[in-house]
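Inside the fold
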Amino acid sequence: MTTRRRATPDATRRSEESRRAILTAAFDLVGQVGYARLSIEGIAARAGVGKQTIYRWWPSKGAVLFDAFLMLSEGETGRPALPDTGDLEADLKAVLRSTVAELNDPRYDEPMRALNTEILHDPALAAAYAERLDGPLKEAKKERLRSAQRAGELRADLDLDVAVEMVWGPLLSRWLQRGGPLTPHYADTIVETALNGLRRPTRRRRDQH
């Protein structure tokens, strides 16, 4: 007679399932009740875990929400990168139009506003955001501009940090302050206006000075 070996629970798999359930619950709840009413207890109840499980992995609800955003991009491989078709203007318009669509999505609006607010008040969360999300994205934007510099589309002496702020700053500012509609046309206008100041001067313009 043979004895059947009892399967050993896969603790790693169980932990990953719990982690994803918690992050999904946090993302869904903040969109329903708002960040002010979001609580660790509420997240735990929605995820079907004990609140101590959440506190063991995250120091605050802001940290949970931040990881929920990171989870959305877990399927992507490698470093973030912007499209590089050889046409800088078209590539930037495509990226900003995608950003407009995301910012206008009701499912993302409240969670992103909550995260931006929390970052202002939580230095540790701000540091994590800069290291794990904003920093890599900013470097990807600068690398696309470097490619344009190598192709002669942009001035070689361009301050890339300032250039990134010129292209993406107006869009995020209008969204945060609710200063006007976010439309594909507005995204295109930002790119066209910024590039007018960032491009290398043409020979005709140089000869006029």
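As the structure is a computational prediction, the values presented were derived from the model and not from experiment. (Residues numbered from 1 in each chain as written. Predicted model: local features only at pLDDT ≥ 70, side-chain atom pairs only at ≥ 80, totals over all residues. Heavy atoms only, no water.)

Let us look at unusual backbone geometry. Phi at R178 takes a positive value of approximately 50°, unusual for a residue other than glycine. Residue classification places R178 among the exposed residues on the basis of a relative accessible area of 59%. (Buried < 20%, exposed > 50% of the residue type's maximum accessible area, 1.4 Å probe, protein only.)

Evaluation of the coordinates by the stated rule reveals 17 salt bridges. Notably, a salt bridge pairs K93 with E89, separated by 3.0 Å at the nearest N-O pair. Within this pair, K93 and its partner E89 are both found in helix α5 (residues 88-103), separated by 4 residues, close to a single helical turn. Exposure remark for E89: the relative accessible area of 23% places this residue in the partly exposed category. For the salt bridge of E139 with R146, the shortest nitrogen-to-oxygen distance reads 2.7 Å. Relative accessible area serves as the criterion here: at 33%, E139 is assigned to the partly exposed category. (Salt bridge = Lys/Arg side-chain N within 4 Å of Asp/Glu carboxyl O. Helix = DSSP H or I, 4+ residues; strand = E, 2+ residues; numbered from the N terminus.)

With respect to the secondary-structure elements, K141 resides in helix α7 (residues 123-150). Nearest to the buried, unbridged K141 among oppositely charged side chains is D134, at 5.5 Å. In contact with K141, not counting residues within four places along its chain, are L82, V164 and W168. (Lys, Arg positive; Asp, Glu negative; His and termini not counted. Contact = heavy atoms within 4.5 Å.)

Helix α8 (residues 160-177) packs onto α5 with a crossing angle of 15° between their chain directions and a minimal axis gap of 11 Å. Taken together, the axes of α5 and α8 lie roughly parallel to each other. Where α5 crosses over α8, the handedness of that crossing is right-handed. Contact residues: L92, V95, L96, T99, V100 and L103 in α5; V167, W168, L171, L172 and W175 in α8. (Axes fitted to C-alpha atoms, helices over the stretch in contact; angles between N-to-C directions. Parallel < 35°, antiparallel > 145°, perpendicular 65-115°, else oblique. Left-handed = near helix turned anticlockwise from the far one by under 90°.)

With 56 residues, the main nonpolar core has I43, I54, V64 and L96 as its most contacted residues. Counting only elements with at least two residues in this core, the list comes to α1 (11-33), α2 (40-47), α4 (61-72), α5, α6 (106-121), α7, α8 and α9 (184-198). Here this core takes 8 residues from α4, the largest share from any one element. Apart from the residues within four sequence positions on either side, V64 is in contact with I22, L23, A26, I40, I43, I54 and W58. (Core = buried A, V, L, I, M, F, W, Y, C linked by side-chain atoms within 4.5 Å.)

A word on α6. Here α6 is 16 residues long and its end C-alpha atoms lie 24 Å apart, about the 22 Å a rise of 1.5 Å per residue gives. Of all the positions in α6, only Y108, D109, P111, M112, R113, A114, L115, E118 and I119 are classed as buried. Two to three positions downstream of the cap, the backbone nitrogen of R107 sits 2.9 Å from a side-chain oxygen, assigning the N-cap of α6 to D105. (Expected span 1.5 Å × (residues − 1). Polar contact = N/O pair within 3.5 Å; in protein donor to acceptor, adjacent residues only side chain to side chain.)

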